[in-house]
Amino acid sequence: LLLIFAIFSFTYSQLIKKIIILTLFIIVSGISKIYHRFFKSTLGVDLVFFTTALTALIYQNLFLSLFVGWAGLIIADSLGTKFTHFSLVTLIGLTIISLVSGLLTFLPFTFSFIILMITFEMVTAVFYAAMGSSPGKIGMFLISHFLFNIILALTLIEPLIRIIN
């Protein structure tokens, strides 16, 4: 029995590791908006984009990146606020960056992440404006989201890649 467990663990260790990492990404992004219950703001300080972009770039799998992004957002909006038209905008943005990520595989990882972040910012800005959000709120979201994710990108991406790989 111990030998069977050892063979199973060795054979499926990468799959088990991937499942654990993706589960952690969903949990972390899911709880990252909980502060919205207590502090109503337009700040873009959460981990939904970060974990989705990392999944897309690390695993280069459209289904996995969409699953992590959508599940993380659903949990985050359930715990933090509620589903609104802004949730739909974020889903569209996450879908687009998941699709675009496959075109960036030849670029350095952090540079690819920054391109995805700029793409996400542009997509969400257009949709927020089309839905009637004020320029001040859009600006607040874009600036805070961009700065938060730049800080994460420049400090956490390389260490996380070393751990994951």
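In case you missed it, the structure is sitting above this.
Since this is a predicted model, take the numbers as computed values, not measurements.

A. Layout of helix α3 (residues 48-59). Look at α3: 16 Å from first C-alpha to last across twelve residues, which is about the 16 Å you get at 1.5 Å a residue. Burial within α3 is extensive, with twelve of its twelve residues counted as buried. For α3, the set of buried residues is V48, F49, F50, T51, T52, A53, L54, T55, A56, L57, I58 and Y59. Next to the buried residues of α3 lie α2 (13-31), α4 (62-80), α5 (85-101), α6 (109-130) and α7 (135-164). Q60 lies just past α3 and shows a positive phi near 50°.

B. Seen up close, the packing of aromatic side chains. Scanning all chains against the criterion turns up six aromatic pairs. Here the aromatic rings of F50 and F113 are separated by 5.5 Å at their centres, their planes lie at 70°, and the arrangement is edge-to-face. Of this pair, F50 sits in helix α3 while F113 sits in helix α6; the two residues are 63 residues apart in sequence, bridging distant segments of the chain. The same class applies to F50 and to F113, which are both buried. Between the aromatic rings of Y128 and F141, the centroid separation amounts to 5.6 Å while the plane-to-plane angle is 90°, which identifies the pairing as edge-to-face. One end of the pair, Y128, is in helix α6; the other, F141, is in helix α7, with 13 residues separating them in the sequence. Looking at Y128, the relative accessible area reads 7%, which means it is buried. Judged by its relative accessible area of 11%, F141 falls in the buried class. Members of the aromatic cluster, connected to one another through ring pairs, are F49, F50, F113 and F120.

C. Molecular detail of the pattern of salt bridges. Inspection of every chain in the model, using the stated rule, returns one salt bridge. For D77, the salt bridge is made with K33, and the minimal N-O distance between the two is 3.0 Å. Of the two residues, D77 is situated in helix α4 and K33 in the loop between α2 and α3; the sequence distance between them amounts to 44 residues. The buried category is assigned to D77, whose relative accessible area is 4%.

D. Representation of a nonpolar patch on the surface in the model. On the surface, F8, Y12, L15, I16, I19, I20 and L24 cluster together into a nonpolar patch covering about 640 Å² of accessible area. Among the structural elements, Y12 can be located in the loop between α1 (2-11) and α2. Looking at Y12, the relative accessible area reads 39%, which means it is partly exposed.

E. Focus on the environment of K18. Of note, K18 is situated in helix α2. Distance in space between the C-alpha atoms of K18 and I164 is 8.3 Å, their sequence separation being 146 residues. Beyond its immediate stretch of four places on either side in the chain, K18 contacts Y59 and L64.

Reading the values: rules and limits
- Residues numbered from 1 in each chain as written.
- Predicted model: local features only at pLDDT ≥ 70, side-chain atom pairs only at ≥ 80, totals over all residues.
- Heavy atoms only, no water.
- Helix = DSSP H or I, 4+ residues; strand = E, 2+ residues; numbered from the N terminus.
- Expected span 1.5 Å × (residues − 1).
- Buried < 20%, exposed > 50% of the residue type's maximum accessible area, 1.4 Å probe, protein only.
- Contact = heavy atoms within 4.5 Å.
- Phe/Tyr/Trp six-rings, centres within 6.5 Å; stacked < 30°, edge-to-face > 60°.
- Salt bridge = Lys/Arg side-chain N within 4 Å of Asp/Glu carboxyl O.
- Patch = residues over 30% accessible without salt bridge, like charges linked within 9 Å, V, L, I, M, F, W, Y side chains within 5 Å.
- Areas by Shrake-Rupley, 256 points an atom, 1.4 Å probe, with all protein chains shown as cover.

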